[in-house]
Amino acid sequence: MMVACSWLITTQQVFVNGTAVMKTIKIFLVLLIALSLLSCNSRISQEKLGRLVFNHLKNNNHDGYLKLSLRAEDLGHIIDSLKKSETFTRYDETKKQRVINISNNLEAVVLKQRSKLKDNFHSIYKRGLQKGIVWAKAKFINIRVGMEQSIYNLAKHKSQHIYIVFKYKKKKYTLRLSHAAETKRGWIIFDYIFWDKYETK
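Quantities reported herein were computed from a predicted structural model and do not represent experimental measurements.

Some words on helix α8 (residues 106-130)
In step 1: Taking 1.5 Å of rise per residue, the 25 residues of α8 would be expected to cover 36 Å, and the 36 Å separating its terminal C-alpha atoms lies within 8% of that figure.
In step 2: Every buried residue of α8 is accounted for by Val110, Gln113, Leu117, Asn120, Phe121, Ile124, Tyr125 and Gly128.
In step 3: Packed against the buried residues of α8 are α3 (46-58), α4 (62-66), α5 (72-83), β4 (171-183) and β6 (193-195).
In step 4: Backbone geometry just downstream of α8 places glycine 132 in the positive-phi region, at approximately 90°.

Considering the environment of leucine 82
In step 1: Tracing the sequence through the fold places leucine 82 in helix α5.
In step 2: Each C-alpha atom, one on leucine 82 and one on valine 99, is 8.8 Å from the other, the two residues being 17 residues apart in sequence.

Some remarks on the pattern of salt bridges
Pairing between side chains becomes possible if they bear opposite charge and their charged atoms approach one another.
In step 1: Within this structure, the stated rule accounts for five salt bridges.
In step 2: Ionic pairing is found between arginine 51 and glutamate 47, a salt bridge with its closest N-O pair at 3.1 Å. With arginine 51 and glutamate 47 both in helix α3 and four residues apart, this pair spans about one turn of that helix.
In step 3: What makes arginine 51 partly exposed here is its relative accessible area of 40%.
In step 4: By relative accessible area, glutamate 47 is classed as partly exposed at 32%.
In step 5: One salt bridge in this structure joins aspartate 196 and arginine 176, with 3.8 Å as the shortest N-O distance. In this pair, aspartate 196 is assigned in the segment after β6 and arginine 176 in strand β4, connecting sequence segments 20 residues apart.
In step 6: Overall, the relative accessible area of 19% leaves aspartate 196 in the buried class.
In step 7: Assessed through its relative accessible area of 21%, arginine 176 is described here as partly exposed.

Observations regarding the packing of aromatic side chains
In step 1: On inspection of all chains with the given rule, the structure shows 11 aromatic pairs.
In step 2: Ring plane angle 50° and centroid distance 5.9 Å describe the contact between phenylalanine 54 and phenylalanine 140, whose orientation is recorded as tilted. In this pair, phenylalanine 54 sits in helix α3 while phenylalanine 140 sits in strand β1 (residues 139-145), placing the two residues 86 residues apart along the sequence. Of the two residues examined, phenylalanine 54 and phenylalanine 140, each falls in the buried class.
In step 3: Feature note: the residues Phe54, Tyr125, Trp135, Phe140, Phe166, Tyr173 and Trp195 constitute an aromatic cluster, connected by ring pairs.

Points about the packing of α5 against helix α7 (residues 93-103)
In step 1: Relative to each other, α5 and α7 sit at 150°, their axes nearing to 10 Å. With respect to each other, α5 and α7 are oriented roughly antiparallel. The interaxial crossing formed by α5 with α7 has left-handed handedness. Only Val99, Ile102 and Ser103 of α7 make contact with α5, whose side of the interface consists of Leu75, Ile79, Leu82 and Lys83.
In step 2: Residues belonging to the contact of α5 with α7 are distributed by class as follows: five nonpolar, one polar and one charged.

Thoughts on the confidence of the model for the protein chain
In low-pLDDT regions, the fine details of the predicted coordinates are not to be read closely.
In step 1: Confidence in the prediction of the protein chain, expressed as mean pLDDT, is 80, and 72% of residues score 70 or more.
In step 2: Predicted confidence is poor over residues 1-16, with pLDDT under 50, and the contacts of this stretch with residues over four places away or in other chains come to 14 contacts.
In step 3: Ignoring residues within four places in sequence, the model shows residues 24-41, a span with pLDDT below 50, making 11 contacts including any to other chains.

Here is what the cut-offs are and how they apply
Residues numbered from 1 in each chain as written. Predicted model: local features only at pLDDT ≥ 70, side-chain atom pairs only at ≥ 80, totals over all residues. Heavy atoms only, no water. Helix = DSSP H or I, 4+ residues; strand = E, 2+ residues; numbered from the N terminus. Expected span 1.5 Å × (residues − 1). Buried < 20%, exposed > 50% of the residue type's maximum accessible area, 1.4 Å probe, protein only. Contact = heavy atoms within 4.5 Å. Salt bridge = Lys/Arg side-chain N within 4 Å of Asp/Glu carboxyl O. Phe/Tyr/Trp six-rings, centres within 6.5 Å; stacked < 30°, edge-to-face > 60°. Axes fitted to C-alpha atoms, helices over the stretch in contact; angles between N-to-C directions. Parallel < 35°, antiparallel > 145°, perpendicular 65-115°, else oblique. Left-handed = near helix turned anticlockwise from the far one by under 90°. Nonpolar A, V, L, I, M, F, W, Y, C, P; charged D, E, K, R; others polar. pLDDT = per-residue confidence, 0-100.

Here is the structure:
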C-alpha cells in the first residue's frame, strides 16, 4: 500500500507540470523494476540457504532454522506437481493412496517433520561440540551443490544436496543438507543435516 500511495502522490504532482505522460511512464517503469528486484531478492538461493543454516547452527538458533523448513503450502505444491507427473502414473494403488493421505493431512505431516528436524538440529550442534568446535568462532567458507543435480524434478520443483563448508581454527568441515527443495519461495530445508566425510586440515 505504501508503494501504491507514493506512486499516486507522485503522479498527481507530475500532472501539474507540462510533461505529465512521459514522466508518469518513467515513474511506472522504475516502480516495476524495483518490485521485480524485491521479488527476486525475496527468493532464497542455495547459497543463501547454506549461509542461513550455518548461521543458525553458529548461534544455536533452532527457531530460525525451522523457519527455513517445509511449510504446508510448500508440500501442497510439491504433491500437486507429483500428481500431475508421469512418475505418479507409474505408482501402484497403495503408493498413490499414500500420496493422497499426505495431501489430506499437510499440516500434521509438516508438524511431525519439524519435530524431527529440531531434534536433528540439536544432534548436529552437540556433535560439533564433541568434535571440539566452538560454534560461535566457526567461519563459513562456501557451499557446494551435489553432483546429482536433481534428486527429483517435478514441474518447477527440484531437489539437491547442499554441502556447507566451514572452518574452525585450521580445520575444514562439511555438513550435508540433504534433499534441499526448490519451491515457489526459493530453496528450503526438506530433510536432515548430516556430517559429511569431507574434512581436511
